[in-house]
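# A closer look at the structure
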Amino acid sequence: MLTVSETLSASEQDVFWMTHAMSLAKKAEQQGEIPVGAVLVKDFELIAEGWNQTIQTHDPTAHAEVVALRKAGAEEENYRLNDLTLYVTLEPCPMCAGAMVHARLKRLVIAAKDFRTGAAGSLINLVQEPRLNHQVKTDFGVLESEASEMLSGFFRRRRLEKKKAR
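The rules behind each value
- Residues numbered from 1 in each chain as written.
- Predicted model: local features only at pLDDT ≥ 70, side-chain atom pairs only at ≥ 80, totals over all residues.
- Heavy atoms only, no water.
- UniProt positions renumbered as here; feature names shortened; annotations may be inferred.
- Helix = DSSP H or I, 4+ residues; strand = E, 2+ residues; numbered from the N terminus.
- Buried < 20%, exposed > 50% of the residue type's maximum accessible area, 1.4 Å probe, protein only.
- Patch = residues over 30% accessible without salt bridge, like charges linked within 9 Å, V, L, I, M, F, W, Y side chains within 5 Å.
- Areas by Shrake-Rupley, 256 points an atom, 1.4 Å probe, with all protein chains shown as cover.
- Salt bridge = Lys/Arg side-chain N within 4 Å of Asp/Glu carboxyl O.
- Lys, Arg positive; Asp, Glu negative; His and termini not counted.
- Charge placed at Lys NZ, Arg CZ, Asp CG, Glu CD.
- Phe/Tyr/Trp six-rings, centres within 6.5 Å; stacked < 30°, edge-to-face > 60°.

Taking an unreviewed UniProt entry as the reference, the chain is identified by name as tRNA-specific adenosine deaminase belonging to Hydrogenovibrio crunogenus. Of the chain, the UniProt comment under Subunit (unreviewed entry) reads exactly: "Homodimer." Looking at the Sequence similarities (unreviewed entry) heading of the UniProt record, one finds this comment for the chain: "Belongs to the cytidine and deoxycytidylate deaminase family. ADAT2 subfamily."

Below is the structure:
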């Protein structure tokens, strides 16, 4: 299992884990998916990981975050993931944010904001909604420019491909 040294500072650990999430996003892109990757960490150790798989699995819920949450629940043998931190390359949608609240995640670290569907503060903020039974501590901006460029490049290439196909 992948682990990080306890001697790294908190910000260095965030960069380490987000770098791993970025590698999963690249894997998603290689598989024809929108490049989003997610990792769940507990006590310096990788518990679960996921990348977007909606197209290949024909499953609208197979977002990187949900894939990782499902694996973590199985690994921890619990649907409550109180002690875990989730690192994700793109701000979660409402479905994923809701799943994080239900899982009672300790912390969420996001690389890039999603101003169209982001549910952790950009469009709406489900992960810190005070009327819900749990709020997830959220941090933005770890490897933000790299994640934003990966996503922008992906959609630029997609638009070009569509234009050429006409």
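What follows concerns the UniProt feature "binding site: Zn(2+)" (unreviewed entry) in the chain. Per the UniProt record, the feature "binding site: Zn(2+)" (unreviewed entry) sits at His63, Cys93 and Cys96. Considering the C-alpha atoms alone, the annotated residues occupy 34 residues of sequence yet fold into one spot, their largest mutual distance being 9.2 Å. Tracing the chain through its elements places Cys93 in the loop between β3 (85-90) and α4 (94-103). The class of Cys93 is buried, set by a relative accessible area of 14%.

What follows covers a negative patch on the surface. Together, Glu6, Asp43, Glu45, Glu75, Glu77 and Asp83 give the surface a local cluster of negative charge. Checked against the element boundaries, Glu75 lands in helix α3 (residues 64-76).

This paragraph deals with the pattern of salt bridges. Evaluation of the coordinates by the stated rule reveals 8 salt bridges. With its nearest N and O atoms 2.3 Å apart, the salt bridge here joins Glu29 to Arg157. One end of the pair, Glu29, is in helix α1 (residues 10-30); the other, Arg157, is in helix α5 (residues 144-165), and 128 residues separate them in sequence. You can call Arg157 partly exposed: its relative accessible area is 42%. Of the charged contacts, one joins Arg107 and Asp139 as a salt bridge, the two residues approaching to 2.8 Å between their closest N and O atoms. Here Asp139 lies in strand β5 (residues 137-140) and Arg107 lies in strand β4 (residues 107-112), a separation of 32 residues in the sequence.

Right, let's talk about the packing of aromatic side chains for a bit. Overall, the coordinates contain 2 aromatic pairs when judged by the stated rule. With a centroid separation of 4.9 Å and 85 degrees between ring planes, the pair formed by Phe16 and Trp17 is classed as edge-to-face. Judged by relative accessible area, Phe16 falls into the partly exposed class, the value being 30%. Assessed through its relative accessible area of 1%, Trp17 is described here as buried. An angle of 80 degrees between the planes, with centres 5.1 Å apart, marks the rings of Phe154 and Phe155 as edge-to-face. Look at Phe155 and you get partly exposed, because its relative accessible area is 33%.

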